[in-house]
Structure formats: C-alpha cells, structure tokens
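# Breakdown of the fold
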Amino acid sequence: MQFIEGGVTAAKGFLAGGIHCGIRKNKSKADLAMIFSKTPCAAAGVYTQNLVKGAPILVTRKNIADGRAQAVICNSGNANTCNADGEKKAWRMCEIAGEALGIDPHDVIVASTGVIGQILPIAPIENAAPALAALLNENGSNMAAKAIMTTDTIEKEGAVKITLGDKEVRIGGISKGSGMIHPNMATMLCFVTTDCAISVPMLQKAIKAAADTTFNMISVDGDTSTNDTLAIMANGEAENEEITEENEAYKTFLEALTAVCRKLSMMMAGDGEGATKLLICKTTGAKDWETAKTVAKSVICSSLLKAAMFGEDANWGRVLCAIGYAGADIDINKVDVSFKSAYGQVDVCVNGAGINFSEEEAAKVLHEKEITILVELNSGDAEAEAFGCDLTYDYVKINGDYRT
C-alpha cells in the first residue's frame, strides 16, 4: 500500500470540482461540490446516529438503497436540516445534478452542511450546477474539498494505491469536519471513491468496518451532529477480479480503505475548532477490542484532559479519571500512562500510581503539535486508537457566534 496524491479523483474514471454558487455570503469561498463517475458505481454509506437527521440523509438512503450511484452533489453554508421543505429541496438537488450530468437523479448522493434550521435557497444551486458540471476534471479533488468546508481551516484529502492480483487499485477521499464532532460519526461529510470491482454487500461491510476504527473514534467537543454522511462509490474500472467474499483481496482492500479513513480522521481531529494540537489516545494491553475502544474514546473525550493538553500540563490524573468512568471492566491498579510526541516520551503513571518525572521535560513533550497519550492496561493483547484535539479559548469564540 502506498499513499498517493489525487484525493477523491485518484481512482480511475472519477471527476470532481467545486464552485461558489451563492449560498455563502463570502464570494471567495466555494460552497457547491460535485463528484462524478463516468460509469455507474456500486455504492454504500454510513450515517449519523443522531435521531435528528438532515433531509439529505433521508434522500441519499433512498437513492442508494439499490446499491447504485454515479455522482455526489454537496453544498456548504446550510445544513438543510429541521426544515419543512427539506426533503423536497434535497431531492431537487439530485434532479439538478442529474440534469447537469445527464444521469438518473436516483443515482445521486446528496449532502449538505452548515447552519441548522435555515431554509436552503435552491436557486443558487440550480443556476450554478451547469457551470460546475462543465468544470469537473480529474484534478478537481481539491476544489471539491474546499467547497464542502464550513469552519474547517484546511482541506482534507487522502488516497492510496494497492495491487489486487495483477491490477492496480486506487482509493481516495475528501472529508470535512471541525466542530460538533463526536464518536459514532461526527459533524462530518466524507466521500470516498475507488476503481475497485467489489460487490455492494462487501462494499457496505468494508465501509462500516473502516468507520468503526476511524471516524467513530474521533471527538472534538462531544456533540454528535445531524448530517454526518460517509459514502463510497466503486466503479470497477481497475478491472480486478470482483471482491464478493471476505477473502485476501477483501482484507487488502479493507486495510487500504481504513488507511484513507484514518488519515482523514486525523486531519479532522487536528483541525478541530480552535485546536492547536492533535491528540491520539492509544490503548494497548486490553482484554478485547471493545475494552480498548471504550477506554481510548473516554480519554479523548475528557474536556479536562483536553484543557490540560492545551495548557501543556502533564496532568495524568485526568487520564486515570477518564479511564475510571469509561465503564470498561479493567484493573486500574495495572494501568500505565505516558505522554509521547516528536520531542520524546515521558512516563507519568505505573500500576495506577504516579511516579517521579520532570515537569519541565513533560512540558516540552506536550509543546508539540501532535501528542499521543499511551495507556497500557496490562490485561491482554487488544488495542485501539481514538483521535481528538485540545480545548482552547478559540473554540468558545468560534461557536459563540457561529449562526450569526
């Protein structure tokens, strides 16, 4: 497996682009994206677990219930959620994309992101769609990535290539997400494309498995959003032998898909609203994956720990506290904790108790932009990772006037 450039257009047969259509007031910010496959695709998706779901999710679920799709249309600046005409507008977006691209509107994945509860103006999308369709190209991933951003500060793209049999297979994606991010999907949109030949059941199984260990392991602020969508399209243009069962080819594909999702997850966590540091909690030595996952997520979700990381304070007691209320069956007297970064590593807790360490050296470790919190449970061989960020003054500033 090798990471490559190209994002959502790295795979054969995919085009993408983004444009400013007028939903957002700032004309310098693109707010409408399209992704298009020249040939029909197998399609699958994973969505928010929030009971309040954006209208685009309801429409997308219906559209890809048959396991087929050929395009994505997505706007930023308005979530099209909690609106009486939401589903009508979301379906109209599918029709607009279908008309512009010459495909069946039922083969369109639709998504929206932005402010909740405001009526989505459809005219800007209708007016801009033909021009957007005309500029779609094989190098348009970055344009699309920018068009789906809200409070994100960087565009998020990733792609890999692998070999299945004697065929090169590519997987690429773009995502957005910065705030309202919490495990079991986040305030995120992610669109993944691949030229792999894979059946719909196997594609759905793979995207769910990849989400469980990546996007479902992110937390920025503890809020699960309403519009979260992770959708994947596979057009089969790599011409590999179709994956129809959990064989070695499937395992290789899943590993590559997970790598793309992990990269995008880490970019989202590190770009959390107001964040200055990417936090990774790696739990090892657990009796099973469920225990390791529960502990890692609990630590990464702790507001007290996140604040301590912002202050570069090696307050390991907050790690143990988060482990203690995680609800996992562990022996706290076996737990070791360390902080690690590019500067080095400092051990702070052994067998559930503090040890002597240099506060000055610890502060240097925590001064880096990426910090790993190592939690060793000493009870087995399972491990898991969760991703988050520090909690800063700017998070409150950003969200204090987000709507206005």
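Throughout what follows, the structure given in this document is the object of discussion. As the structure is a prediction and not an experimental result, all values here were calculated from the model.

### Quick word on the overall build of the chain
Secondary structure summary: the chain contains 11 helices and 16 strands in total. The C-alpha atoms of the chain give a radius of gyration of 21 Å, which matches the 22 Å a tight globule of 404 residues would have. Summarising its shape, the C-alpha atoms of the chain cover approximately 65 × 55 × 35 Å along the three principal directions. When the 404 residues of the chain are sorted by exposure, 56% land in the buried category. Here the contacts in the chain between residues at least 6 apart in sequence split such that 79% fall between residues at least 24 apart. In the form shown here, the chain has an accessible surface area of approximately 16000 Å², with 49% of it arising from carbon and sulfur atoms. Between the averaged position of the 37 positive side-chain charges in the chain and that of its 51 negative side-chain charges there is a distance of 5 Å.

### Brief notes about the environment of Leu-391
You can see Leu-391 is positioned in the loop between strand S16 (382-389) and helix H11 (393-400). Taking C-alpha positions, Leu-391 is 8.6 Å from Leu-305, a pair spaced 86 residues apart along the chain. Here Leu-391 is in contact with Ser-303, Lys-306, Ala-307 and Phe-310, once residues within four sequence places are set aside.

### Thoughts on unusual backbone geometry
The backbone of Cys-82 shows a phi angle near 60 degrees, a positive value even though the residue is not glycine. Looking at where Cys-82 falls in the secondary structure, it is placed in the loop between strand S4 (68-76) and helix H2 (86-101). Even without being a glycine, Glu-239 presents a positive backbone phi close to 60 degrees. Within the element layout of this structure, Glu-239 appears in the loop between strand S10 (229-234) and helix H6 (248-270). By relative accessible area, Glu-239 is classed as exposed at 60%.

### What to know about the pattern of salt bridges
Oppositely charged side chains can pair when the atoms bearing their charge come close. By the definition in use, this model includes 17 salt bridges. A salt bridge links Glu-290 to Lys-293; its shortest N-O distance comes to 2.8 Å. Pair noted here: Glu-290 and Lys-293 are both in helix H7 (residues 289-301), with a separation of 3 residues, about one helical turn. The class for Glu-290 is partly exposed, based on a relative accessible area of 44%. Since its relative accessible area comes to 15%, Lys-293 is described here as buried.

### A look at the sheet that holds strand S15 (residues 370-376)
Pairing is mixed in the open sheet, where 7 strands are placed in the order S9-S16-S11-S15-S12-S13-S14. Each edge of the open sheet is held by one strand with a lone partner, namely strand S9 (218-219) and strand S14 (353-354). Judged from the 2 bridges that link them, strand S13 (residues 345-350) and S14 form a sheet pairing that is antiparallel. Opposite Val-350, over in S14, you have Ala-353 as the bridge partner. Running over the sheet, H6 touches S9, strand S11 (278-286), S15 and S16 and is turned about 40 degrees from S16. Relative to the sheet, H7 contacts S9, S11, S15 and S16, its axis offset from that of S16 by approximately 20 degrees.

### Details of the pairing of strand S5 (residues 108-113)
Looking down a regular strand, the side chains alternate between one sheet face and the other. Across the 6 residues of S5, 6 count as buried, placing the element largely inside the fold. Here S5 shows two buried faces, one formed by Val-108, Val-110 and Ser-112 and the other by Ile-109, Ala-111 and Thr-113. One ladder, built from 6 bridges, connects S4 with S5; its direction is parallel. Considered in S5, the bridge of Val-72 is made with Ile-109. A crossover links S4 with its parallel partner S5, the connecting element being H2, and its sense is right-handed.

### So, H2
With 16 residues, H2 extends 23 Å between its outermost C-alpha atoms, agreeing within 8% with the 22 Å of an ideal straight helix rising 1.5 Å per residue. Taken as a whole, H2 has its buried residues at Gly-86, Lys-89, Ala-90, Met-93, Cys-94, Ile-96, Ala-97, Gly-98 and Leu-101. Residues of H2 that are buried sit in contact with strand S3 (32-47), helix H1 (55-63), S4, S5 and helix H3 (123-135). Count one or two residues on from H2 and you reach Gly-102, which has phi positive near 75 degrees.

### Some words on the environment of Ala-308
Counting through the fold element by element, Ala-308 comes out in helix H8 (residues 303-310). Looking at Ala-308, the relative accessible area reads 4%, which means it is buried. The spatial distance from the C-alpha of Ala-308 to the C-alpha of Ala-296 is 17 Å, given a sequence separation of 12 residues.

So, how was this worked out
- Residues numbered from 1 in each chain as written.
- Predicted model: local features only at pLDDT ≥ 70, side-chain atom pairs only at ≥ 80, totals over all residues.
- Heavy atoms only, no water.
- Helix = DSSP H or I, 4+ residues; strand = E, 2+ residues; numbered from the N terminus.
- Rg over C-alpha atoms; globule rule 2.2 N^0.38 Å.
- Buried < 20%, exposed > 50% of the residue type's maximum accessible area, 1.4 Å probe, protein only.
- Contact = heavy atoms within 4.5 Å.
- Areas by Shrake-Rupley, 256 points an atom, 1.4 Å probe, with all protein chains shown as cover.
- Lys, Arg positive; Asp, Glu negative; His and termini not counted.
- Charge placed at Lys NZ, Arg CZ, Asp CG, Glu CD.
- Salt bridge = Lys/Arg side-chain N within 4 Å of Asp/Glu carboxyl O.
- Pairing = 2+ DSSP bridges.
- Axes fitted to C-alpha atoms, helices over the stretch in contact; angles between N-to-C directions.
- Right-handed = clockwise from strand over helix to strand, strands pointing away.
- Expected span 1.5 Å × (residues − 1).

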